[in-house]
There are 2 protein chains.
Amino acid sequence: MTEQTATTTPLAQRSAEELEAFAQEQQQAYAALKARGLSLDLTRGKPAAAQLDLADDLLSLPKGVKDAAGVDTRNYGGLEGIRELREMFAELLWVEPEQVVAGGNSSLVMMRDVLVDLWLHGGVDSERPWSQEEKVTFICPVPGYDRHFTLLDWFGIEMVTVPMHDDGPDVEAVAQLVASDPTIKGMWLVPTYANPSGSVVSQEIAARLASMPTAAPDFKIFWDNAYAFHHLTEEEAKSADILTLAAASGHPHRPIMFASTSKITLAGAGVAFLAGSVETVKWYTGHLGKGAIGPDKVNQLRHSQFFGSPQGVRDHMVKHREIIAPKFAEVERILTERLGGLGVATWTRPTGGYFVSLDVLDGTASRVVALAKDAGIALTPAGASFPHGDDPRDRTIRLAPTFPPLDQVSEAMEAVATCVLLAAVEQVRGQA
Amino acid sequence: MTEQTATTTPLAQRSAEELEAFAQEQQQAYAALKARGLSLDLTRGKPAAAQLDLADDLLSLPKGVKDAAGVDTRNYGGLEGIRELREMFAELLWVEPEQVVAGGNSSLVMMRDVLVDLWLHGGVDSERPWSQEEKVTFICPVPGYDRHFTLLDWFGIEMVTVPMHDDGPDVEAVAQLVASDPTIKGMWLVPTYANPSGSVVSQEIAARLASMPTAAPDFKIFWDNAYAFHHLTEEEAKSADILTLAAASGHPHRPIMFASTSKITLAGAGVAFLAGSVETVKWYTGHLGKGAIGPDKVNQLRHSQFFGSPQGVRDHMVKHREIIAPKFAEVERILTERLGGLGVATWTRPTGGYFVSLDVLDGTASRVVALAKDAGIALTPAGASFPHGDDPRDRTIRLAPTFPPLDQVSEAMEAVATCVLLAAVEQVRGQA
């Protein structure tokens, strides 16, 4: 998807002399870059301080301590979270309040808890605890979210990968795998503005995932809708209504949805949500109650008062967009200007979420990350978007431009472009 | 420990006629009680609203968002919690800051997480994950905390009981069990103002627990110091320094300590702590990092600012004492006045914590709880202080007087006394 410009010749079509000149140019540029002694970071998908400032009012809330039901939020209890916040996010996530649990500050922790429950006890539709299966396997669309893979690995769950396309995972590959292999118990999916590809799962693919026959009766889709409301343009992608699709296909317990306000209010002090069939919610809170008394309801009340309504959440996201869209535009501008037409890289142009996924020449991603590191630019490790950190083509780099201020994004991306070009010309000349 | 009064004859020494008169009296009292249509609750150890009000200032904190290290508490990260709060509670718990993790809103969740880690991966001194052992057993001093037992049961961990005395668990019984049975991997202990007995583990017993030989190399003491600072008198019990004792005996990884501010600030929105050897802390955060990004550091900063210092915590607890000590005095007064000298009950006179443990005549606890329920008084289910809810002598009832206002404590305790007397006379007459 890189753009060709009239004056640019792809590296692969250049003569040895041209390549040598190009290489010298890049080596000089890289030496100059190193000499600047930068210290920049494009590693993690963290909100910038300016984004966190948008939620400043949270810090002096709540006013009053009772929720809409009259419950004192300061005391123990209420495993499922306070009603008004569940209602608010039920509307946003297109589910019923009875299908939503409002939890603590981390949806990742909720995912872990669900896996622990499945592991120790099995799900509502399981024949036995997953720990009693000979083997448990998950399908992982790649590139994907490194923490998803780390979590599975912690359980000893095996991972098979399928490609992630612009409209979601390669659903043919998924359908084939789940149809025949009963050890495949689940799959990860970030359905909206996926990490890191920015893909949005289409209605068609969502419907297929919801309805496809699976050899395992208790196959689960971990529908991690972390970026459901995180639009970068005015054209806002709508997440597929996976719970309804699954229920309509006779698999109501298949999807378990996760979301959070981590990238809406405060990354460390937001509220996380789980949604699923009513039975799934009952199953989840049942297990939760064996080792928990209730979530931080004061923080939930704080959030409910801060947003005021579902529309309050949407309005708030527009303010985030105004801060981060220019950073994504800057990534796009620099990649296009510096790498366009050279045949050395492709990259995503996300319309939401927190990442740009940059594919460089096969075999050069680690080199790019190493070059960047030596020049003081921290990039997510090459391979991080793949299970066990193993990118078989060593080509995918995740760029996270939200956290640094705009001028640092520019500096860092110029540096990344230099590293990509140097690694590319090394590779092309080495293969010549 | 009931007090004899000169004019009282124990029921067991009364004649049939006297007992019949007494029974009629109690039946009338109970009928009158029922007629009042009360709705009172002495079930759970929850702080009263007046106690929660003491932390009102928390609701408009923090001022500023950076911790002492300059970290923006609003963003992701910092699995071990913010430094200044760890330092504050390290001092209070007599450990080093490196031995403390400040977590989320629930120490019970930390206990569950530790059990999950041990189950899936084993501890720093384990030969294998606990899930790969043929059997895992815990020692449970009784009466004890029902949620501890429920949690073990959730894992399928077996429980053996030992008696809890005034100075801690029957340490001879514990030492014998652990010496010979390698399936015994751990024990629960609420060392200070135990739930529900109010016992305080003596230095001698703590030292013995720390040093005793165990057949399992990875035996763990779950040292749940939930009431470490929750004194009811000016004579404040000091918790034994179990980590130092254990390290000195060559078992540094044996104790894992838990504490929280749930009953210091806000029951649902406090901060929980784990403490152990440095290796244990590293082990815990290592596993935590597989499925969590960090705790709610904003709430930690809020707490750090609210307390100001370790002394701030101690001073705050004095205000709690002023609210709840009169409730405990009322329980004691009514039990003494109504049941003293009759030989139908003994009870604890705790100097801290949240509970009074009432032992009625063998075989009558369930009857007392049922009678109370029918009269509109909710009591913790008989047997709740024992694994699987099974009190073999059916005699122990946990009373939790902190939550209701003082006048309701009086009303409820008068009612409890009536139920105890009725059940007792039924029992004594039935056996005569």
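Residues numbered from 1 in each chain as written. Chains lettered and ligands numbered in written order. Predicted model: local features only at pLDDT ≥ 70, side-chain atom pairs only at ≥ 80, totals over all residues. Heavy atoms only, no water.

Help me get a handle on the pairing of strand E11 (residues 356–360) of chain B, residues and values and all.
All names here are of chain B. Counting buried residues along E11, five of its five residues qualify, which places the element largely inside the surrounding structure. Direction of pairing for strand E10 (residues 345–347) relative to E11: antiparallel, over a ladder of three bridges. What sits directly across from Thr346, in E11, is Asp359. Here E11 pairs with strand E13 (residues 396–399) via four bridges, running antiparallel. Each bridged residue has a counterpart across the sheet, and for Asp359 the counterpart in E13 is Thr396. (Buried < 20%, exposed > 50% of the residue type's maximum accessible area, 1.4 Å probe, protein only. Helix = DSSP H or I, 4+ residues; strand = E, 2+ residues; numbered from the N terminus. Pairing = 2+ DSSP bridges.)

Which residues make up the sheet that holds strand E13 (residues 396–399) of chain A, and what are the values?
All names here are of chain A. Within the open sheet, the three strands sit side by side as E10-E11-E13. Their pairing is antiparallel. Each edge of the open sheet carries a strand with a single partner, namely strand E10 (345–347) and E13. Across the sheet, the mean angle from the axis of one strand to that of its neighbour is 25°, orientation sign disregarded. (Axes fitted to C-alpha atoms, helices over the stretch in contact; angles between N-to-C directions.)

Go over the nonpolar core with me, naming the residues and quoting the values.
Formed by 113 residues in total, the largest nonpolar core has its most connected members in Phe89, Val344, Leu358, Leu379 and Leu399 of chain A. Ranked by the residues each element gives to this core, the list is headed by helix H13 (residues 406–431) of chain A, at 14 residues. Formed jointly, this core draws a minimum of three residues from each of two domains, domain 1 (2–52 + 315–431) and domain 2 (68–309) of chain A. Excluding residues that lie within four positions of it along the chain, Leu358 of chain A makes contacts with Leu335, Ala345, Thr346, Trp347, Arg395, Thr396, Ile397, Leu399, Val416 and Val420 of chain A. Val65 of chain A together with Leu33, Ala259 and Val425 of chain B belong to the second largest nonpolar core, which has 112 residues in total. (Core = buried A, V, L, I, M, F, W, Y, C linked by side-chain atoms within 4.5 Å. Domains from an automatic or database assignment. Contact = heavy atoms within 4.5 Å.)

Can you lay out helix H4 (residues 107–121) of chain B for me, pointing to particular residues and giving the numbers?
Residue and element names in this part refer to chain B. Along its 15 residues, H4 runs 21 Å from first to last C-alpha, staying within 8% of the 21 Å computed at 1.5 Å per residue. Across the 15 residues of H4, 13 count as buried, placing the element largely inside the fold. Two or three places before Leu108, at the opening of H4, Ser106 has a side-chain oxygen 3.3 Å from that residue's backbone nitrogen. (Expected span 1.5 Å × (residues − 1). Polar contact = N/O pair within 3.5 Å; in protein donor to acceptor, adjacent residues only side chain to side chain.)

Please give an account of the domain arrangement of chain A that cites residues and values.
Residue and element names in this part refer to chain A. Partitioning chain A into structural domains gives domain 1 (2–52 + 315–431) and domain 2 (68–309). Put simply, the middle of domain 1 and the middle of domain 2, counted by C-alpha atoms, are 31 Å apart. Counting residues at the interface gives 27 residues for domain 1 and 30 residues for domain 2. Between domain 1 and domain 2 the total buried area reaches about 2,500 Å² when both faces are included, carbon and sulfur atoms providing 64% of it. Three residues stand out in domain 1 for area buried against domain 2, namely Met317, Arg321 and Thr351, and they jointly supply 23% of the buried area on that side. Scanning the region where domain 1 abuts domain 2 turns up two salt bridges. We note a salt bridge from Asp146 to Arg44, for which the minimum N-O separation is 3.2 Å. Applying the counting criterion to the domain 1 and domain 2 interface returns seven residue pairs in polar contact (both at pLDDT 80 or more). Considering every element that reaches the side of domain 1 that touches domain 2, the biggest residue donor is helix H11 (residues 310–339), with seven residues. A per-class count over the side of domain 1 that touches domain 2 returns 13 nonpolar, 11 polar and three charged. (Buried area = accessible area lost by both parts, 1.4 Å probe. Salt bridge = Lys/Arg side-chain N within 4 Å of Asp/Glu carboxyl O. Nonpolar A, V, L, I, M, F, W, Y, C, P; charged D, E, K, R; others polar.)

Give me the relation of the copies chain A and chain B: which residues, what numbers.
Superposition of the two copies of the chain requires a rotation about an axis and a shift along the axis. Superposing chain A onto chain B takes a rotation of 180° combined with a translation of 0.0 Å along the rotation axis, leaving an RMSD of 0.0 Å. Such a combination of turn and shift is consistent with a two-fold rotation axis. Ranked by how close their C-alpha atoms come to the rotation axis, the residues of chain A are headed by Ser60 of chain A, at 2.1 Å. When you check the interface residues of chain A against chain B, 100% turn up at the interface there too, and the contact is symmetric in its surfaces. (Least-squares fit on C-alpha atoms with pLDDT ≥ 70 in both.)

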